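Residue-level structural notes
Each chain, written out:
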Amino acid sequence: MTAIELVVLDMAGTTVLDDGVVEQAFQRAAERTGVAERMPWDEALQYVRDTMGMSKIDVFTHLSGGDVVAAAAATAAFEGACSEIVSEQGVAEIPGAAEAIAHMRDAGLKVALTTGFAPVTRDALLDGLGWRGLVDVALSPVDAGRGRPAPDLVLTALLRTGTTAVSAVAVVGDTSSDVQSGRRAGAGFVAGVLSGAHDRATLVDAGADAVLDDVTGLMPTLHERALLGTALARSS
């Protein structure tokens, strides 16, 4: 089995505490743009929950009935609302996430953060957490081509970090689209975590190799499955 070289981690719900930020931002965007008026509110909100982790422009394109102009306006409103909420409420990590990432890098692994958010929101989260130097790269859909569940973010992380093979990549996320993205990229190990949007059954159905309570369980799991190189295994 190929030893893992790169860990690709989702942000909101996996390493960054969501605490309802996405739903709050969606509500503000919907109120400001009317993007979800074509369907009942409960149905629109459930769609947002079901598509957590996906590129927000894709989500709003669906909600707008394919109106790309309305979707772009709603996406901009959503990103603005996210920034407002981060400024108002602050931002927090999933407990133990920063330490877990530091452990990965100390062990010689490369670490990438990926998100469905635009760069402005991604960077606001990184700045709020003081994580600018914590990871090797942080990517949004605009950096890669397509958002999740397409494989583009994972493959771009591989290219940006010089990882030798997709089989040497581990992908971790809290949503079915995170898991599907890892599977479609051909990642050697794909894990779901229960710290965010989706439950165990949903993550397993999406193709997760393992479902962890949170990101702090990743290194022990890689060690147990002999997916770390000899030197890395000793450091875990």
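Right above here is the structure, for reference.
Scope of this entry: the structure provided in the associated data block. (Residues numbered from 1 in each chain as written. Predicted model: local features only at pLDDT ≥ 70, side-chain atom pairs only at ≥ 80, totals over all residues. Heavy atoms only, no water.)

Things to note about the pairing of strand S4 (residues 169–173)
In terms of burial, S4 is largely enclosed, as five of its five residues are buried. Residues of S4 alternate between two faces, with Val-169, Val-171 and Gly-173 on one and Ala-170 and Val-172 on the opposite face, all of them buried. Sheet analysis places S4 next to strand S5 (residues 189–193), joined by four bridges and oriented parallel. The residue bridging Val-172 from the neighbouring strand is Ala-191, located in S5. Once you follow S4 into helix H9 (residues 176–185) and on to S5, the crossover reads as right-handed. (Buried < 20%, exposed > 50% of the residue type's maximum accessible area, 1.4 Å probe, protein only. Helix = DSSP H or I, 4+ residues; strand = E, 2+ residues; numbered from the N terminus. Pairing = 2+ DSSP bridges. Right-handed = clockwise from strand over helix to strand, strands pointing away.)

Some thoughts on helix H4 (residues 68–89)
The terminal C-alpha atoms of H4, which comprises 22 residues, lie 31 Å apart, in line with the 32 Å expected from a rise of 1.5 Å per residue. Of all the positions in H4, only Ala-71, Ala-74, Thr-75, Ala-77, Phe-78, Glu-79, Ala-81, Cys-82, Ile-85 and Val-86 are classed as buried. Residues of H4 that are buried in the fold lie against helix H1 (21–33), helix H3 (56–63) and helix H6 (119–129). One side-chain oxygen at the N-terminal end of H4 lies 3.1 Å from the backbone nitrogen of Val-69; it belongs to Asp-67. Directly beyond the C-terminal end of H4, a positive phi value near 80° is found at Gly-90. (Expected span 1.5 Å × (residues − 1). Contact = heavy atoms within 4.5 Å. Polar contact = N/O pair within 3.5 Å; in protein donor to acceptor, adjacent residues only side chain to side chain.)

Points about the side chain of Lys-56
With respect to the helices and strands, Lys-56 occurs in helix H3. Although Lys-56 is buried, it makes no salt bridge; Glu-79 carries the closest opposite charge, 6.9 Å away. Beyond its immediate chain neighbours, meaning those up to four positions away, Lys-56 contacts Val-22, Thr-75, Phe-78, Glu-79, Gly-116 and Phe-117. (Lys, Arg positive; Asp, Glu negative; His and termini not counted. Salt bridge = Lys/Arg side-chain N within 4 Å of Asp/Glu carboxyl O.)

Taken by themselves, the reported measurements are silent on function.
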